Amino acid sequence: MTRADLPAVMRIERSTFPLDAWSEGMMRGELDDQPRTRHYIVALVEGEIVGYAGLAAAGDQADVQTIAVSAGNQRAGIGSAMLGELLAEAVRRGTAAVFLEVRADNPPAQAMYRRFGFRPIGVRADYYDDGTDAIMMVRRLDEEGDGNG
Ligand SMILES: CC(C)(COP(=O)(O)OP(=O)(O)OC[C@H]1O[C@@H](n2cnc3c(N)ncnc32)[C@H](O)[C@@H]1OP(=O)(O)O)[C@@H](O)C(=O)NCCC(=O)NCCS
């Protein structure tokens, strides 16, 4: 993802996360730290941005910062392709564990993460602005036989 991608990315961000969309400034701040601690990607279909995802890596840990696919392009494998690329980047950086937070009321995303070997490790009550809990998940990369992806 580059700054030139921000208008298209922000359109998806605002429509996909109506309750807690990032501001364009927040997204730009993430790009400003590429490639040092951040790895942000976009997914293209016929030249159009239909999704994006970002990883933050520090030391031997990393976090999935965000991942979204535009409404008309979901359930076609694009989210999986992007999550696979984030995990590949985490491996390239020597990461031992990748963490993420997901809304308790978002079973589709939780299902995708489980398919990639993420396991729930705790709940942050009232994490989101509307009072929804966050489920914390981790995928270890330094152990054999820990799921697929
Ligand atoms: C979550 C999201 C990124 C997944 O991307 P996607 O391209 O739709 O996902 P994929 O097509 O790669 O699906 C991967 C798996 O996720 C699960 N999944 C995805 N959408 C699902 C749905 N609507 N219902 C149930 N499971 C779903 C399934 O296990 C699916 O595998 P399958 O299709 O073989 O059953 C996408 O739905 C999205 O952008 N949602 C809104 C934003 C969001 O919630 N982001 C995550 C915040 S933590």
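Note that this is a predicted model, so its numbers are computed, not measured.

Caption draft 1: A look at the side chain of Arg38. For Arg38, the position within the fold is in strand E1 (residues 38-45). Contacts of Arg38, omitting those with residues within four sequence positions, involve Glu30, Asp33, Leu55, Ala56, Gln65 and Arg93.

Caption draft 2: View of unusual backbone geometry. In this chain, Gln34 is followed by Pro35 through a cis amide linkage whose omega measures -5°. Structurally, the position occupied by Pro35 is in the loop between helix H2 (24-32) and E1. Of note, Glu46 is a non-glycine position whose phi angle comes to about 50°, a positive value. By the secondary structure assignment, Glu46 is in the loop between E1 and strand E2 (48-58).

Caption draft 3: Local environment of the pairing of E1. Summarising the sheet, E1 and E2 pair through 8 bridges and their orientation is antiparallel. The partner of Val42 across the bridge, within E2, is Tyr52. Taking the residues between adjacent antiparallel strands as the criterion, E1 and E2 are bridged by 2 residues, where Glu46 takes a positive phi near 50°.

Caption draft 4: Representation of the nonpolar core in the model. Formed by 26 residues in total, the largest nonpolar core has its most connected members in Met82, Leu83, Val98, Tyr113 and Phe118. For this core, the secondary-structure elements that each account for two or more residues are E1, E2, strand E3 (61-69), helix H3 (78-92), strand E4 (97-103), helix H4 (107-115) and strand E6 (134-140). If one sorts the elements of this core by residue count, H3 sits on top with 6 residues. Once residues lying within four places of it in the same chain are set aside, the contact partners of Tyr113 are Ile67, Leu83, Leu100, Val102, Phe118 and Met137. Counting 13 residues, the second largest nonpolar core, distinct from the first, contains Ala8, Val9, Trp22 and Ala68.

Analysis parameters
- Residues numbered from 1 in each chain as written.
- Predicted model: local features only at pLDDT ≥ 70, side-chain atom pairs only at ≥ 80, totals over all residues.
- Heavy atoms only, no water.
- Helix = DSSP H or I, 4+ residues; strand = E, 2+ residues; numbered from the N terminus.
- Contact = heavy atoms within 4.5 Å.
- Pairing = 2+ DSSP bridges.
- Core = buried A, V, L, I, M, F, W, Y, C linked by side-chain atoms within 4.5 Å.
- Buried < 20%, exposed > 50% of the residue type's maximum accessible area, 1.4 Å probe, protein only.

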